[in-house]
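Remarks on the overall topology
Take a look at the letters that make up each chain.
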2 protein chains.
Amino acid sequence: MPTSRKALGQAGSPSSSMATDTCCCSPASLQRRLPILAWLPHYSAQWLKMDFIAGLSVGLTVIPQALAYAEVAGLPPQYGLYSAFMGCFVYFFLGTSRDVTLGPTAIMSLLVSFYTFHEPAYAVLLAFLSGCIQLVMGLLRLGFLLDFVSCPVIKGFTSAATITIGCGQIKNLLGLQNIPRQFFLQVYHTFLHIGETRLGDAVLGLVCMVLLLVLKLLRDHVPPAHPEMPPGVRLSRGLVWTATTARNALVVSFAALIAYSFEVTGYQPFILTGETAEGLPPVRTPPFSLTTANETVSFTEMVQNMGAGLAVVPLMGLLESIAVAKAFASQNNYRIDANQELLAIGLTNVLGSLVSSYPVTGSFGRTAVNAQSGVCTPAGGLVTGVLVLLSLDYLTSLFYYIPKSALAAVIIMAVAPLFEAKIFRTLWRVKRLDLLPLCVTFLLCFWEVQYGILAGTLVSVFILLYSVARPKTQVSEGPVLVLQPASGLHFPAIEALREMVLNQALKAPARCAVLECTHVSSIDYTVVLGLGELLEDLHRQGVNLVFVGLQVPVLRTLLAADLKGFQYFSSLEEAEKYVHQDPGTQPYNICEDLVPEHKVALLKD
Amino acid sequence: MPTSRKALGQAGSPSSSMATDTCCCSPASLQRRLPILAWLPHYSAQWLKMDFIAGLSVGLTVIPQALAYAEVAGLPPQYGLYSAFMGCFVYFFLGTSRDVTLGPTAIMSLLVSFYTFHEPAYAVLLAFLSGCIQLVMGLLRLGFLLDFVSCPVIKGFTSAATITIGCGQIKNLLGLQNIPRQFFLQVYHTFLHIGETRLGDAVLGLVCMVLLLVLKLLRDHVPPAHPEMPPGVRLSRGLVWTATTARNALVVSFAALIAYSFEVTGYQPFILTGETAEGLPPVRTPPFSLTTANETVSFTEMVQNMGAGLAVVPLMGLLESIAVAKAFASQNNYRIDANQELLAIGLTNVLGSLVSSYPVTGSFGRTAVNAQSGVCTPAGGLVTGVLVLLSLDYLTSLFYYIPKSALAAVIIMAVAPLFEAKIFRTLWRVKRLDLLPLCVTFLLCFWEVQYGILAGTLVSVFILLYSVARPKTQVSEGPVLVLQPASGLHFPAIEALREMVLNQALKAPARCAVLECTHVSSIDYTVVLGLGELLEDLHRQGVNLVFVGLQVPVLRTLLAADLKGFQYFSSLEEAEKYVHQDPGTQPYNICEDLVPEHKVALLKD
């Protein structure tokens, strides 16, 4: 098995070395836009077998999860399934990672519940618009915007989302009813009504959680398949592997069976999922207006109502799907094309909205199932997609009996690993300042996700700008005063630098100051002007300021500006020699080849 | 004269070496908050004489300018005078520069005309609120925010404002009437109605402009006073000096005299200033609501109507006043305290609003007059302030006869030097990228000033962020691959760096890559995480990544993060030696004193 997968990685991996090609019509470029062209010609029976098994495993995971996540999104259960197949088909053609599976996720479902008022029409329109935005970002190569969402912000958001989702499921786990959905009210009312816990739901929910946990632990200890295993061991290994991989389906089926048995006896101790619309979703354009009993909501109003969701959902969708793709590409030793991933997720959402999907993204949990099942190409997704379609066609009547507490158990077990409490400790140890964006994002996300992410990102950027605006400057007072900015010089820094150099130069006994610019890689006009003023200021105070260690672009800029009194040396030693030993000589080592006419423009007074 | 001024600078300059004091109740701190305490005890008769002459010169400049700028602001003429005296008195107590004079300026008047709908109540409230905002910024030491307005943005704004103001005065210069105030409409209608030019106004306006120009050129050639001059020469020099310094008052009086002569004959060829309210302004709280014939506008509505003006006016006021103070401090060799300047301008606006002033700031032109007249302390402002009050009390009936075209000439000659066409050429030569914020600001400021400044600042910050997000990285492929980021590493840069290092490392034949971090002065958690992932990525590809030239804070952070496979050397040579000559040895020169327990944590596979 590992051999065959490695073969794909070498021969026809969808991502092997396409990054250098730029022409848009060449075969290589076409292959880059349609990665399937790279691997399909090499497809083999061995891969088919592996892909089939992996697709089946993912399918058995996604069906119960989709039903559960629809509840998180506040939508009827079938919408989870409607959202679960389009990603498989689109990714089959466009995906650059063999492992990634697109579909409904817990965090995306939570976001959908925030911005779509539990109204399918909004959710489908949001999928369409998010997809369009993601496509535009992919086509305009705006993926770099994601670089500005720092790691503490992402961790703060996922931690808060995990807690929100987990707490939101406690009511279903315990069978509590009429609990509001807003986070703080939900927690408050859950505790207030804890006495109304329904015994049946609570017991079933906890049993399901324990079962899922045991199966997950078991899964982590299944030994890898080995050709030398005796057939009996191999069979039992296969059975355990199947049971543990499809544990969600297994546990939910088990719970549904119990509920059905009770139903037959005429007594139902569980709250059930209830009616799920039967059959495949209709193919139609997304709803560009919404007609309710009372009124018609126009497209513009719908867009206004969703507001910040139109920024948060596409952005988070991209972040999650690229994070998943990168994580597995790195783990399994291949490369992905981030902009191509943007296109894939964007097209999935646009096409998904035609079959009533809500916004989807890359699922970490199911991608892991896919990878662990030994998937070889994105073809595994086809099996998953078909399985979801079949379940919609034939199984919806059975979904009626799935107890809600069993689905709550599935969700809680799915999101629990996403919560990383140790990030707080890690940041305290490694970089305390980064706790600020983390905590800001974490806390504000409980109030409004968009404010949390926005505020966290702004805090990150402010910290960054602050460090750019106030670079540390090393001061050493020897025979001459040497000042060395520890990093680049940009316009917000120049006033403070000027102030600092002036203060230091006036305090020091030396009548010469050296500005060591080794770490300055480029300067802007504001800095040039500020340095010019600094030269004049110091000249009036009778202090000589010389520059040392200028990188070529910086020197070029300074020479072009023709500053009065500008002198530079290639090294500190030469500057000191010039200043102290022989004040009559000219500065050494002027890069004569650079701008010769400026050689004579040095101040001589 | 120079001696006496130097004496002040040494003995009791309001700003001499107060920057190090931090306690808020010590005498030094009190002196810092009330700079007058530093210089008043040393006050001398010689200074009094100089201050009196300077105050008089500034007064004779500010009175005609104030009348003219009120027209720019779209307010009745007396409001210019109401705004011209409070700054003198406040700065007497709080100012840290002897030269600066606060009062109405052309650019501030233009901003006021944008945001106050030619309604004095709005203008006075704007002064009050701007003052409060400036005071808060001064108290919270938020002056650093001004660092983020880059030089190209300021130049773009002043150039656009100069053109707007100048073009706005053409209609007054030519005696055109009923021209709209919006810039584009104004230019269009001025050209459309150019045929309706009134001969009298146009001739008078042009004559005034020529007179002002000649007097200004003469002013620049008056020789400095000299004790050895014969009395006759000295007297005529004094006369010329007075006439050229008070040229605005002189020209306006001359024009008013002509207009009065015509009035006596019964024929008036000029459009006159007309009725100016007589007497001192009433002292009262600023109008927190506005009652017009039809309706009452509440405070909230007034604030909403002024909108962005509440950000632009205080900000630009601060920028202008600090720029003026810094320019003259540098020129005349003393230091100012920027935060104290914020307090002075803020208090001026708050107290000014009690006497119906509109927002004021530091005036470049009048500060120059002040400095050239040899002012010794802020006491010169007292003379100016009293002169303005006297003119309000006794001269308003004479202001009736001032022709508008003469005032237009005063304004045009005052703003003309502010327009710097050569900045475009300079930027083209020195730093082409900075033309972008300049042009964005310049062009958008004709449409809406706040958008111009905001967009220009955002463009500046984006250019800055881009250079931070994509630092240039020097790659040298020798026996080992050496990658050296040319500046710091911050979170937006890490993904691109990781991608780049991976690409380079996979292309190069060498199985070892060196990341040269000499220019990296600090790293955040996102970068740490990215470097950790990079180490793992490369390790999987069989490439060894080692770090070189780590500054102590960076090393400390990386060691605290405990990255798997992290190896570092003090120099490139040692790294190369380790990699090539003796792969069995340990990395040299580990800073053992830093974090000894990490010494053994180096990867050994």
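Residues numbered from 1 in each chain as written. Chains lettered and ligands numbered in written order. Predicted model: local features only at pLDDT ≥ 70, side-chain atom pairs only at ≥ 80, totals over all residues. Heavy atoms only, no water.

**A word on the relation of the copies chain A and chain B**
Where we set the bar: In this comparison the copies share one frame, found by least squares on the C-alpha atoms of residues holding pLDDT of at least 70 in both. Any two residues whose heavy atoms approach within 4.5 Å are treated as being in contact.
Superposition of chain A onto chain B requires a rotation of 180 degrees combined with a translation of 0.0 Å along the rotation axis, giving an RMSD of 0.1 Å. Interpreted geometrically, this transformation is the action of a two-fold axis. Scanning chain A for the C-alpha nearest the rotation axis identifies His-519 of chain A, at a separation of 2.6 Å. When the interface residues of chain A are mapped onto chain B, 100% of them are again interface residues, pointing to one common binding face.

**A look at the interface of chain A and chain B**
Put simply, the test is: Buried area is calculated as the accessible area (1.4 Å probe) missing from two parts once they are joined, with the contributions of both summed. Any carboxyl oxygen of Asp or Glu that lies within 4 Å of a side-chain nitrogen of Lys or Arg is treated as forming a salt bridge with it. Any pair of N or O atoms that falls within 3.5 Å is considered a polar contact. Within protein, one atom must be able to donate a hydrogen and the other to accept it, and sequence-neighbouring residues count only if both atoms are side-chain atoms. Helix and strand definitions follow DSSP, with helices as H or I runs of at least four residues and strands as E runs of at least two, each counted in order from the N terminus. Classes in brief: Ala, Val, Leu, Ile, Met, Phe, Trp, Tyr, Cys and Pro nonpolar; Asp, Glu, Lys and Arg charged; the others, Gly included, polar.
On the side of chain B, 55 residues touch chain A, which itself brings 55 residues to the contact. Together, the buried faces of chain A and chain B total about 4,900 Å²; carbon and sulfur atoms form 57% of this surface. Considering only the side of chain A, the residues that lose the most area to chain B are Arg-335, Phe-491 and Tyr-525 of chain A, jointly responsible for 15% of the buried surface there. Linking chain A with chain B are four salt bridges. Two residues, Glu-495 of chain B and Lys-326 of chain A, come together in a salt bridge whose shortest N-O distance is 2.6 Å. In this assembly, chain A and chain B are joined by 13 residue pairs in polar contact (both at pLDDT 80 or more). Elements with a contribution of two residues or more to the side of chain A that touches chain B: α9 (151–174), α15 (309–331), α21 (422–430), α23 (449–469), α24 (494–507), α25 (525–540) and α26 (552–561) of chain A. Top element by residues in the side of chain A that touches chain B is α23 of chain A. It accounts for seven residues. The residue makeup of the side of chain A that touches chain B, split by class, is 23 nonpolar, 18 polar and 14 charged.

**Some thoughts on the sheet that holds strand β5 (residues 473–477) of chain B**
Residues and elements named next belong to chain B. What counts here: What makes two strands pair is DSSP finding at least two bridges between them. In this analysis an axis means a line fitted to C-alpha atoms, helices contributing only their contacting stretch, and an angle means the value between N-to-C directions, from 0 to 180 degrees.
Strand order in the open sheet formed by five strands is β5-β6-β7-β8-β9, and the pairing between neighbours is mixed. With partners counted over all chains shown, the strands left at the sheet margins are β5 and β9 (568–569), one partner each. Relative to β9, strand β8 (residues 544–548) runs parallel, the two sharing two bridges. When the sheet's bridge partners are listed, Phe-547 is paired in β9 with Tyr-568. Set on the sheet, helix α24 (residues 494–507) makes contact with β5, β6 (481–485) and β7 (512–516); between it and β6 the angle comes to about 160 degrees.

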